[in-house]
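Below are the chains, spelled out letter by letter.
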Amino acid sequence: MTMQTIWSMLADPNMQWIFIGCTLLGLSSGVIGCFSYLRKQSLMGDTLAHAALPGICIAFMLTGVKSIGLFLIGAGVAGVVATFGIGYITRHSKLKQDAAMGIVLSGFFGLGIVLLTLIQHGDYGNQSGLDKFLFGQAASMIASDVITMTIVCALLITVCTLLFKQFKIISFDPGFARGIGYPVAFLEQLLMLLVVVAVVAGIQAVGVVLVAALLITPAVSARYWTDRLGLMVVLSGLFGAASGAVGTWISASVSNLPTGPVTVLAATLLFGISILFGPQRGLIAKRLMRQRVKERFIRENEPRIHEQVKKEAAL
């Protein structure tokens, strides 16, 4: 595909909205996903995404309007309820957090499917396309959706920038953060709320099934390139934005190709490149390092090896 074809494709106003929306989604998801990954809560994004489905259905049943703003509110409330449910289960039972997240994920998603079925077979008008939130429908984005996504993206990045030091400390050593007077419980709940917002914002583009991939995959990819958290957050945001842009471009160039899954595949491709070519943790870098260590060992111990061979030969 020539550059002229690409520019002509982006000249379409509808394609511009999709391109901007998916790029901003990838950027914000990559930034906030770093902290979830470092706090070993990779499954949390998947749990909150599935928990958002009943919130979307209830918002539609109460209003009868398909509005991304209303769906954000409904899914956000459902996500907050899910986080409190996970906390309640872990505090008042012997179950660990991963088991609690699995219970909440399956329970909320099952409720969402039941409500979705009731909507599709009920007397609700304008329900066509509501099931697209399962796998996303980026092509349905309009200007108001992109404006909402821009506000969400700016909010997430601003909060992460202002509270970067606090989020960094609670991600690596919450005990130390508590010792120096940080409100750890409040910061952890705030971070969880930001994950909820990022998940809900991405549901329209990639759906509840795949949105967790945009939270974790760019963060894991960035981890292969640096040991510094600040640079990791920046790289993760760039990888997420690049995934959204590439996914939009490929889906637009091939007919009937959904944008959301292609965006996730683009993020997975970046992960594959990172795991191979990462400067320190990449497979190729580790192979070269082992080879250099082996050669240095042989070079440093070559006289001793020759001496040992001579002694064995003399015997």
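Residues numbered from 1 in each chain as written. Predicted model: local features only at pLDDT ≥ 70, side-chain atom pairs only at ≥ 80, totals over all residues. Heavy atoms only, no water.

Per an unreviewed UniProt entry, the chain is named Manganese transport system membrane protein MntC, and its organism is Paenibacillus prosopidis. Per UniProt, the chain has the following entry under Sequence similarities (unreviewed entry): "Belongs to the ABC-3 integral membrane protein family." In UniProt, the chain has this text filed under Function (unreviewed entry): "This protein is probably a component of a manganese permease, a binding protein-dependent, ATP-driven transport system." (UniProt positions renumbered as here; feature names shortened; annotations may be inferred.)

Trainee: Even after reading the chapter, I still don't get the packing of helix H2 (residues 13-38) against helix H6 (residues 143-162), so can you show me in this structure?
Mentor: Two numbers describe how H2 lies on H6: the axes approach to 9 Å, and their chain directions differ by 25 degrees. Classified by the interaxial angle, the pair formed by H2 and H6 is roughly parallel. For the pair H2 and H6, the sense of crossing is left-handed. Judged by residue contacts, Trp17, Ile20, Gly21, Leu24, Leu25, Leu27, Ser28, Val31, Ile32 and Phe35 of H2 engage Ala143, Val146, Met149, Thr150, Cys153, Leu156, Ile157 and Cys160 from H6. (Axes fitted to C-alpha atoms, helices over the stretch in contact; angles between N-to-C directions. Helix = DSSP H or I, 4+ residues; strand = E, 2+ residues; numbered from the N terminus. Parallel < 35°, antiparallel > 145°, perpendicular 65-115°, else oblique. Left-handed = near helix turned anticlockwise from the far one by under 90°. Contact = heavy atoms within 4.5 Å.)

Trainee: Can you walk me through the packing of aromatic side chains in this structure?
Mentor: Remark: the centre distance and the inter-plane angle together describe each pair of aromatic rings, the angle taken between the planes. Enumeration over the complete set of coordinates arrives at 3 aromatic pairs. Ring geometry for Phe35 and Phe167: centres 5.5 Å apart, planes at 65 degrees, overall edge-to-face. With Phe35 in helix H2 and Phe167 in helix H7 (residues 164-172), this pair connects stretches of sequence that are 132 residues apart. Look at Tyr224 and Phe271: their rings are 6.1 Å apart centre to centre, the planes differ by 75 degrees, and that puts the pair in the edge-to-face class. Of the two residues, Tyr224 is situated in the loop between helix H9 (184-223) and helix H10 (229-253) and Phe271 in helix H11 (residues 259-277); the sequence distance between them amounts to 47 residues. Look at Tyr224 and you get buried, because its relative accessible area is 19%. Classification of Phe271 as partly exposed rests on a relative accessible area of 26%. Through a chain of ring-to-ring contacts, the aromatic side chains of Phe35, Phe164 and Phe167 assemble into a single cluster. (Phe/Tyr/Trp six-rings, centres within 6.5 Å; stacked < 30°, edge-to-face > 60°. Buried < 20%, exposed > 50% of the residue type's maximum accessible area, 1.4 Å probe, protein only.)

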